[in-house]
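Architecture and fold: a report
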Amino acid sequence: MLATLPIIISLILLMYFAYRGWTVLLIAPLMAAMAVLLSGDGATLLPAYSETFMKSAGNYLIKFFPIFLLGALFGQLMADSGAATSIVNTITQKLTAKHAILVVVLVCALLTYGGVSLFVVAFAIYPIAKKLFSEADIPKRLIPATIALGSFTFTMTALPGTPAIQNAIPIPYYGTNAFAAPGLGLIASAFIFGLGMFWLKRQAKLAAIKGEGYGEHNDGAKDALATSDMPFLLAVLPLILVICINALLTYVVFPKVDFGFLNEKFPNLVVESQLGIWSIIIALLISCAVLVVFNLKRLKNLQSSVNTGVYGSMLPIFNTASEVGYGAVIAALAGFTIIKDGVLSIAPNNPLISEAVAMTALAGITGSSSGGLSITLQTLGKDYLDMAIANNIDPELLHRVAVMASGGFDTLPHCGAVITLLSICHLNHKQSYLNVAAVTIAIPFLAMIGVIVLGTIFGSF
């Protein structure tokens, strides 16, 4: 048991410093070094950094950097071209402020499912949300939870085909694609959306009964909204292309192509584990190109938009890669064998349960769904795949459970996305976190349990 103490201490400190706002680019390697030193392996400290930490971080960058980069670029182009504004304004006009909560959730869901970064969405939607909530006299404290329901939950982890990085991470480990277990994903999405809307509307109704309105906030809620001359259909075209091209390549084009010729030049390439990633990359690349071609006049400074989008991808990808490197160092320590055996012994005939526990725990510790997902798959992915094959469990089911499990406890109070969202809305944890936790932790956690139960009984569908 003492062998696991260095790992536990480093994890606690990693979580503490992340909560305090320290960058994991520095904290992750420092905590990994501490774990090595406390384990009595001081002589291997530098090799652990250069051969384990950096190689694992580098491999992660090799796999996923294009998705981070293109996703951030796509979101920036959607914002700067006016496409996001056009979508928001059109839906707002159709549903009016009377349905403020539904409008915000639907717009956030449409944009994030179409590939726009949740941070870009939060910045773009907040001005609209505060105006709608003010007109409907709904407490402003509910805005973060409303944005979070549409951006941080079902479109990130459950909806089949979502280009979110969380949905792409398991692909090379399990040989799946972004549409893994589509039936279960749709059921989970409907559950999260339905119960989330019920919760938020109930909170708004209770507030109205108590006489609590929007509140006094010097936040410009009465200001006029931004406008866009872009037609709605042109605005949603890139979002539709992301999903449709991804599906077309996954189910129609790639299955008909013989990729055997690639192994002559790249003998170590496992094509099946890369097809899902390639589909998302191509879909995002084409959608970015369509955005630019159709909106050259609307993009006032194309170079600035491209640079801002590309630079915006750097911090998220390097943060996650740093966490992956930390996980690789921890996995190499003697104490991790005890933790690994303990986790894998949870329901040995059903790796879905063990996987869910591991993903949930590490996502909570790191405050990052992509970080927790990456660390777990880096260290235990092969074991889960072997267990699934041995128990006749479809890898697609492993994929969907892994992604959904990562999107629960990742939004604990120290989560960077939560802190950023509250900052954008000019609110604090005391005012808004309870409702954020309800829609991003409690409800998705119930949905994940439902997927495990249904998957265990009926298999993947």
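For the structure, check the block above.
Below is a summary of the structure that appears in this document.

What counts and what doesn't
- Residues numbered from 1 in each chain as written.
- Predicted model: local features only at pLDDT ≥ 70, side-chain atom pairs only at ≥ 80, totals over all residues.
- Heavy atoms only, no water.
- Core = buried A, V, L, I, M, F, W, Y, C linked by side-chain atoms within 4.5 Å.
- Buried < 20%, exposed > 50% of the residue type's maximum accessible area, 1.4 Å probe, protein only.
- Helix = DSSP H or I, 4+ residues; strand = E, 2+ residues; numbered from the N terminus.
- Contact = heavy atoms within 4.5 Å.
- Phe/Tyr/Trp six-rings, centres within 6.5 Å; stacked < 30°, edge-to-face > 60°.
- Lys NZ or Arg CZ within 6 Å of the ring centre and 35° of its normal.
- Axes fitted to C-alpha atoms, helices over the stretch in contact; angles between N-to-C directions.
- Parallel < 35°, antiparallel > 145°, perpendicular 65-115°, else oblique.
- Left-handed = near helix turned anticlockwise from the far one by under 90°.
- Nonpolar A, V, L, I, M, F, W, Y, C, P; charged D, E, K, R; others polar.
- Patch = residues over 30% accessible without salt bridge, like charges linked within 9 Å, V, L, I, M, F, W, Y side chains within 5 Å.
- Areas by Shrake-Rupley, 256 points an atom, 1.4 Å probe, with all protein chains shown as cover.
- Salt bridge = Lys/Arg side-chain N within 4 Å of Asp/Glu carboxyl O.

**Some words on the nonpolar core**
By size, the foremost hydrophobic cluster in this structure holds 141 residues, and its most contacted members are L111, I125 and Y326. With 13 residues, the single largest contributor to this core is helix α3 (residues 45-81). Leaving out residues up to four positions away in the same chain, Y326 has contacts with I7, S10, L11, L14, A28, M31, A32, F53 and I375. Ranked by size, the runner-up nonpolar core spans 10 residues in total, among them L249, F254, V271 and L275.

**Remarks on the packing of aromatic side chains**
In this structure the tally under the stated criterion is 9 aromatic pairs. Relative to W22, the ring of F17 has its centre 6.1 Å away and its plane inclined at 80°; by these criteria the two rings are edge-to-face. Ring pairing ties together the aromatic residues Y16, F17 and W22, which thus form one cluster. Above the ring of Y173, the side-chain terminus of K63 is found at 4.3 Å from the ring centroid.

**Description of the packing of helix α17 (residues 351-366) against helix α18 (residues 369-390)**
Orientation of α17 relative to α18, taken along the N-to-C sense of each, is 160°, at an axis distance of 8 Å. Between α17 and α18, the interaxial angle falls into the category roughly antiparallel. Judged by the sense of rotation from one axis to the other, the crossing of α17 with α18 is right-handed. Across the interface between the two elements, P351, S354, E355, A358, M359, L362, A363 and T366 of α17 pack against S369, G371, G372, L373, I375, T376, L377, L380, Y384, M387 and A388 of α18. For the contact of α17 with α18, the class distribution of residues is 12 nonpolar, 6 polar and 1 charged.

**A word on a nonpolar patch on the surface**
A cluster of nonpolar side chains, namely I187, F191, F445, L446, I449, V453, I457, F458 and F461, defines an oily patch on the protein surface of about 820 Å² accessible area. For the nonpolar patch, the secondary-structure elements that each account for two or more residues are α11 (182-209) and α21 (429-458). At 6 residues, the largest contribution of residues to the nonpolar patch is made by α21. Mapped onto the elements, I187 comes out in helix α11.

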